[in-house]
Amino acid sequence: MTDTRSSAPDGAPTARPVDDATTLRAHVERQFPALQADLERLVRIPSVSAAAFDQAHVAASADAVAALLRGAGLPDVRILRSDRPDGTPGAPAVVARRPAPEGAPTVLLYAHHDVQPPGDAAAWATDPFEPVQVGDRLYGRGAADDKAGLVAHVGALRALAALAEDGGADLPVGITVFVEGEEESGSPSFRRFLADHRELLAADVIVVADSTNWKVGVPALTTSLRGLVDGVVEVEVLGHAVHSGMFGGPVLDANTLLARLVATLHDDAGNVAVAGLVSAPEPEVDYDEAAFRADASVLDGVALAGEGTIAGRLWAKPALSVIGIDATSVAHASNTIAPRAAAKLSLRIPPGQDPQAAEDALRAHLEAHAPFGARVTWRPGEQGRAFHAADDSAAMRAARSAFAAAWGTDPVDIGVGGSIPFIADLLEFFPDAAVLVTGVEDPDSRAHGADESVHLGELRKVVLAEALLLRRVGAGEG
Ligand SMILES: [Zn+2]
């Protein structure tokens, strides 16, 4: 599949100028050491967007990204911020453009330059902000998510520029690179940013390089993403704490009542038991159970929860987790009956599920199951919509053929259990754009976790695939 020539009936090879895959592959190979060095420089900037971290690093990261994009042949590079809903300025985003020739399409290439907090440094084998290559993998916070997505865009543009210098045609497509600075903090200024810069960002095809491939050696297009609803449920049972010996027995403590309430959220098989939530159709590919157990580090002897295929449970059904509990800590425990306790609930919703309807169903379930008539209150948190790609768009076909050429094997359509809520925002602002969700990760990348890494062989293929995709869109295939 990597051959770019097809044989004419008389056996003479016929060049297919639209592909140039062999030439582009050679350029990607030759340029890759410099691209890897750029990725390593970015990883050394601890651009954690979470508020508790020094935001000067996020600003430095935006500057570094702007310099990279300028070097990639984009003449118009800007660092921009929009306000968050609370009126504070958002993190710096970088927008770099080369306008489309008359009548040609524009492709928006998205990535984010901020990263998750490193978490417990002791859990990392090496310093999270000092990139280290071990075998085929480069380790470091952001090495995959999503600084690799960013350098994939840069690498594709560099390879295409080299192709043009070789005498190949210039890319007949406009390019806008949009590198966000607060994706890992929930993109709070994203909608405002789209509204403020709608014209600057308008595109026919949007490539979001922030997801994963199926596994090393097998590319994927992410065609569905779950959405998210979260909030805090509080259980109150007493006006104030009382002695657990003097009063214990006739009244249960709030921690116990909260546990009983939380226990109603799943049935005995582990399926979400909230009435009224919808599921999407079962996916075409499945996630091997042994691989899932290994990837998620499920301990031996622990049974998996829920019913149906593993991929269906991850992508097509709701999932409900308790992600935090406010209760007296063990260290501060005293012999009292707790008057109140609270839990933060995180509900992942499949494509087809309206977030507000899901939240209403969850809230109704919690209120209907108030144990012993305890006072149950719900404080809403975030909402993010799910995503399902349009089936079989021209851009999708162009991406599939580019991926097949780069990997030598056809891509699979996957869902992702996680959420990228801004994709729904992009579609709302640019309803006619085709959105392609591509990725640099593989199941071993451990994005957000300790020992995050990118597979460098795969990253080369991602760069080549994106260069080919841009050629194909430019040739009218997108
Ligand atoms: Zn990401």
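Residues numbered from 1 in each chain as written. Predicted model: local features only at pLDDT ≥ 70, side-chain atom pairs only at ≥ 80, totals over all residues. Heavy atoms only, no water.

## Regarding the overall build of the chain
Step number 1: Of the regular secondary structure elements, the chain holds 13 helices and 20 strands.
Step number 2: Taking 478 residues into account, the globule formula puts the C-alpha radius of gyration at 23 Å, and the chain, at 25 Å, falls close to it.
Step number 3: The principal-axis extents of the C-alpha atoms in the chain amount to approximately 95 × 50 × 45 Å.
Step number 4: Burial statistics for the chain: of 478 residues in total, 49% are counted as buried.
Step number 5: Considering only contacts in the chain between residues 6 or more positions apart, those separated by 24 or more positions represent 79%.
Step number 6: For the chain, the computed accessible surface area is about 20700 Å², with 52% contributed by carbon and sulfur atoms.
Step number 7: Seen as two clouds, the 39 positive and the 66 negative side-chain charges of the chain have centres 2 Å apart. (Helix = DSSP H or I, 4+ residues; strand = E, 2+ residues; numbered from the N terminus. Rg over C-alpha atoms; globule rule 2.2 N^0.38 Å. Buried < 20%, exposed > 50% of the residue type's maximum accessible area, 1.4 Å probe, protein only. Contact = heavy atoms within 4.5 Å. Areas by Shrake-Rupley, 256 points an atom, 1.4 Å probe, with all protein chains shown as cover. Lys, Arg positive; Asp, Glu negative; His and termini not counted. Charge placed at Lys NZ, Arg CZ, Asp CG, Glu CD.)

## Observations concerning the confidence of the model for the chain
Step number 1: The predicted model of the chain averages 93 in pLDDT, with 96% of residues at 70 or higher.
Step number 2: Note on residues 1-18: pLDDT under 50 across the span, and 26 contacts to partners over four residues away in sequence or across chains. (pLDDT = per-residue confidence, 0-100.)

## A closer look at the coordination of the zinc ion
Step number 1: Of the protein atoms, only H112 (NE2), D145 (OD), D210 (OD) and D210 (OD) coordinate the zinc ion, at distances of 1.9 to 2.7 Å.
Step number 2: Coordination at the zinc ion comes from four donor atoms whose angles at the metal span 52 to 148°, giving a geometry best classed as irregular.
Step number 3: Of note, the donors binding the zinc ion are all from one chain and are spaced H-x32-D-x64-D. Here H112, found in strand β5 (residues 106-112), pairs with D145, found in the loop between β7 (137-139) and α3 (147-165); they are 33 residues apart in sequence, far enough to count as distant. (Donors = N, O, S within 2.8 Å, 3.2 Å for Na, K, Ca; no water. Tetrahedral: all angles 85-135°; square planar, octahedral: opposite > 155°, others 65-115°.)

## Remarks on the packing of aromatic side chains
Ring pairs (aromatic) are described by centroid distance and by the angle formed between their planes.
Step number 1: As enumerated under the stated definition, the model contains nine aromatic pairs in all.
Step number 2: Where F190 meets F422, the ring centres are 5.0 Å apart and the plane angle is 40°; that geometry is what we call tilted. Taken together, the residues span a long stretch of sequence, with F190 in helix α4 (residues 190-196) and F422 in helix α12 (residues 422-429) at a distance of 232 residues.
Step number 3: On the accessibility criterion, F190 (2% relative accessible area) is buried.
Step number 4: Its relative accessible area of 2% is what places F422 among the buried residues.
Step number 5: Within the aromatic cluster, the residues linked to one another by ring pairs are Y110, F178, F190, F193 and F422. (Phe/Tyr/Trp six-rings, centres within 6.5 Å; stacked < 30°, edge-to-face > 60°.)

## Brief notes about the packing of helix α1 (residues 21-43) against α3
Step number 1: α3 packs onto α1 with a crossing angle of 140° between their chain directions and a minimal axis gap of 9 Å. In this structure, α1 crosses over α3, and the sense of that crossing is right-handed. Contacts from T23, L24, H27, V28, R30, Q31, A34, L35, D38, L39, L42 and V43 of α1 reach α3 at K147, A148, L150, V151, V154, G155, R158, A159, L160, A162 and L163.
Step number 2: Its residues assigned to classes, the contact of α1 with α3 comprises 15 nonpolar, four polar and four charged. (Axes fitted to C-alpha atoms, helices over the stretch in contact; angles between N-to-C directions. Left-handed = near helix turned anticlockwise from the far one by under 90°. Nonpolar A, V, L, I, M, F, W, Y, C, P; charged D, E, K, R; others polar.)

## Description of the pattern of salt bridges
Step number 1: For the structure shown, the criterion picks out 20 salt bridges.
Step number 2: With a shortest N-O distance of 2.7 Å, E182 and R84 are connected by a salt bridge. Of the two residues, E182 is situated in the loop between β8 (174-180) and α4 and R84 in the loop between β3 (76-80) and β4 (93-98); the sequence distance between them amounts to 98 residues.
Step number 3: Taking relative accessible area as the criterion, E182 reaches 2% and is therefore assigned buried.
Step number 4: Looking at R84, the relative accessible area reads 22%, which means it is partly exposed.
Step number 5: For the salt bridge of D425 with R191, the shortest nitrogen-to-oxygen distance reads 2.7 Å. With D425 in helix α12 and R191 in helix α4, the pair connects residues that are 234 residues apart, well separated along the chain.
Step number 6: Residue classification places D425 among the buried positions, given a relative accessible area of 12%.
Step number 7: The class for R191 is partly exposed, based on a relative accessible area of 36%. (Salt bridge = Lys/Arg side-chain N within 4 Å of Asp/Glu carboxyl O.)

## Some points on unusual backbone geometry
Step number 1: A cis amide bond links D145 to the next residue, D146, at an omega of 0°.
Step number 2: Along the chain, D146 falls in the loop between β7 and α3.
Step number 3: Not every positive phi belongs to a glycine, and S297 is a case in point at roughly 55°.
Step number 4: Mapped onto the secondary structure, S297 falls in the loop between α8 (289-295) and α9 (310-316).
Step number 5: You will see that R446, though not glycine, has its phi angle at about 55°, which is positive.
Step number 6: In this fold, R446 is placed in the loop between β19 (434-441) and β20 (453-455).
Step number 7: Among the residues examined, R446 registers a relative accessible area of 48% and is labelled partly exposed.

## Focus: the sheet that holds strand β10 (residues 220-225)
Step number 1: In spatial order, the strands read β17-β10-β18; together these three strands make up an open sheet with mixed pairing. The open sheet has two free edges, formed respectively by β17 (387-388) and β18 (412-416), since each of these has just one partner strand.
Step number 2: The pairing of β10 with β18 spans five bridges and is parallel. Counted as the bridge partner of S224 is G415 from β18.
Step number 3: Where helix α11 (residues 394-407) meets the sheet, its contacts fall on β10 and β18, and the angle it forms with β10 comes to roughly 140°. (Pairing = 2+ DSSP bridges.)

## Points about the pairing of β5
Step number 1: Across the seven residues of β5, seven count as buried, placing the element largely inside the fold.
Step number 2: In β5, alternate side chains face the same way, and those of T106, L108, Y110 and H112 on one face and V107, L109 and A111 on the other are all buried.
Step number 3: One ladder, built from seven bridges, connects β5 with β8; its direction is parallel. Bridging across to β8, V107 finds its partner in I175.
Step number 4: Bridge count for β5 against strand β9 (residues 205-212) is four bridges, and the pairing is parallel. Along β9, the bridge assignment pairs L108 with I206.

## Topic: the environment of D295
Step number 1: Turning to its location among the elements, D295 is positioned in helix α8.
Step number 2: On the accessibility criterion, D295 (38% relative accessible area) is partly exposed.
Step number 3: In sequence terms D295 and S61 are 234 residues apart; their C-alpha atoms lie 31 Å from each other.

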